Amino acid sequence: MIRLHNIEVSFDLGGGQEHTVLKNLSLEVERGQTVSVIGSNGAGKSTLLNAIAGTVPVRAGKIFLDDSDVTPLPEWARAMYVGRVRQDPLAGTAGDMTLLDNLALAYRKGPRRFRIATPPKFAREMADKVAELGMGLEDRLRENVSRLSGGQRQALTLLMAILSRPSVLLLDEHTAALDPANAEIVGELTRRFIAEFNLTALIVTHDMKRALEQAGRVVMMHEGEIIADLSGAEKEKMDVAGLVRLFKKVRGAEYAEDRDLLI
Ligand SMILES: Nc1ncnc2c1ncn2[C@@H]1O[C@H](COP(=O)(O)OP(=O)(O)OP(=O)(O)O)[C@@H](O)[C@H]1O
Ligand SMILES: [Mg+2]
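Scoring rules and cut-offs
- Position labels on residues start from 1 in each chain and follow its written sequence.
- By the order in which they are written, chains take letters starting at A while ligands take numbers starting at 1.
- Per-residue local features are limited, in this predicted model, to residues with pLDDT of at least 70; the limit for side-chain atom pairs, both in listing and counting, is 80 or more; totals at the level of whole chains, interfaces and linings are taken over all residues.
- As a convention, hydrogens and water are excluded, and side-chain values are obtained from all of the structure's heavy atoms.
- Only N, O and S atoms count as donors, using a 2.8 Å cut-off from the metal and 3.2 Å for Na, K and Ca, and because water is excluded some sites may appear unfinished.
- Only DSSP runs of H or I covering at least 4 residues are called helices, and only runs of E covering at least 2 are called strands; the numbering of each starts at the N terminus.
- The classification of residues rests on relative accessible area computed with a 1.4 Å probe and restricted to protein chains. Under 20% of the type maximum is buried, over 50% is exposed, and intermediate values are partly exposed.
- Pairing between strands is defined by DSSP: at least two bridges between them are needed.
- The criterion used for residue contact is that any of the two residues' heavy atoms lie within 4.5 Å.
- In these notes, a set of buried Ala, Val, Leu, Ile, Met, Phe, Trp, Tyr and Cys residues joined through side-chain atoms within 4.5 Å is what counts as a nonpolar core.

A. Quick look at the coordination of the magnesium ion (ligand 2). For the magnesium ion (ligand 2), every protein donor is listed as Ser46 (OG) and Gln87 (OE1), and the spread of their distances is 2.0 to 2.3 Å. Taken together, the residues span a long stretch of sequence, with Ser46 in helix α1 (residues 45-53) and Gln87 in the loop between β6 (82-85) and α3 (99-108) at a distance of 41 residues. By relative accessible area, Ser46 is classed as partly exposed at 22%. Accessibility expressed as a relative area gives 40% for Gln87, which makes it partly exposed.

Put into structure tokens, the structure is as follows:
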């Protein structure tokens, strides 16, 4: 469960100047629900995920994860709740460590009962899991991650995010760097992981078709605010063309038929 109550994020630009990126933003996502987060470049989508993960501090408001108030907690202390894949393919893995060592680090973040039994057994288990990514990485477990392509690193990061058994999954354009076939595989894995572990997921994407298909709810951001929140019948009747119209509308174009969808 994610509950954001009137959060505000501002960046200090120096010289007494500030840029308020998230403005009085509230959002509630139930346990097991997946929400697609869409919005134009600079709308504040990544900042929203950073605020939840604790990477950026909030100036005001409260953040609850699974009923706990995590607002005062630093990023490392929220890691027991949060698994994430960031927009930057280099951000989620340590390039100068092997795939296996990266996976072991992620695994140790999880609860005790998932502790590694013996190194050979762990390596076999990881080979099986990595094979599910469908990218042939199971034969490269002892190579350094820096040798992988950006897309392969993103897929590995997704697997690492799941290994620590989080309850909240934050994915920031995690398939954008993948070729269409791999994006399909990783998208399908994402769906499977979310269902299998009953995760609460926020998935940022610029792919409108994917935004509609992967989630029962679509939230649109603009200039640091949530300006549309579509679920139920409203979301079911929405299509890609409708979402594109909403984008144009927030940029000032007149599309009267969708006006009522904006909050
Ligand atoms: N560390 C920072 N310092 C100053 N400004 C920042 C910082 N991080 C983000 N911003 C600003 O906050 C705004 C929102 O950025 P953010 O990265 O959240 O957008 P986004 O919706 O994820 O965009 P995109 O679709 O391009 O990834 C932008 O104007 C950006 O320049
Ligand atoms: Mg972003």
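B. Local environment of the pairing of strand β2 (residues 17-29). Bridge count for strand β1 (residues 2-14) against β2 is nine bridges, and the pairing is antiparallel. Across the sheet, the residue bridging to Gly14 is Gln17, located in β2. The loop that links β1 with its antiparallel partner β2 comprises two residues; one of these, Gly15, has a positive phi angle of about 60 degrees.

C. Quick peek at α3. α3 sits mainly inside the fold: seven of its ten residues count as buried. Among all positions in α3, only Leu99, Leu100, Asn102, Leu103, Ala104, Ala106 and Tyr107 are buried. Taken together, the buried residues of α3 touch α4 (119-131) and α5 (150-163).

D. Region of the structure containing unusual backbone geometry. Of note in this structure, Glu173 is not a glycine but carries a positive phi near 45 degrees. As for its placement among the helices and strands, Glu173 is situated in the loop between β7 (168-172) and α6 (180-196). The exposure class assigned to Glu173 is buried, which follows from its relative accessible area of 15%. Backbone geometry at Glu223 places phi at a positive 45 degrees, although glycine is not the residue there. Summarising the element assignment, Glu223 is placed in the loop between β9 (217-222) and β10 (225-231).

E. Up close: the nonpolar core. Core analysis: the biggest nonpolar cluster contains 37 residues, and Leu103, Met126, Leu141 and Leu169 have the highest contact counts within it. In terms of residues, this core owes the most to one element, α5, which gives eight residues. When sequence neighbours within four positions are dropped, the list of residues in contact with Leu169 reads Gly83, Ala161, Ile162, Ile194, Leu199, Thr200, Ala201 and Leu202. Among the nonpolar cores identified, the runner-up in size contains 29 residues, and Val9, Leu25, Val56 and Val219 belong to it.

F. Seen up close, the sheet that holds strand β4 (residues 60-65). Strand order in the open sheet made by the four strands is β2-β1-β4-β5, with antiparallel pairing throughout. The open sheet has two free edges, formed respectively by β2 and β5 (68-69), since each of these has just one partner strand. Here five bridges tie β1 to β4, and the two strands are oriented antiparallel to one another. Across the sheet, the residue bridging to Ile2 is Leu65, located in β4.

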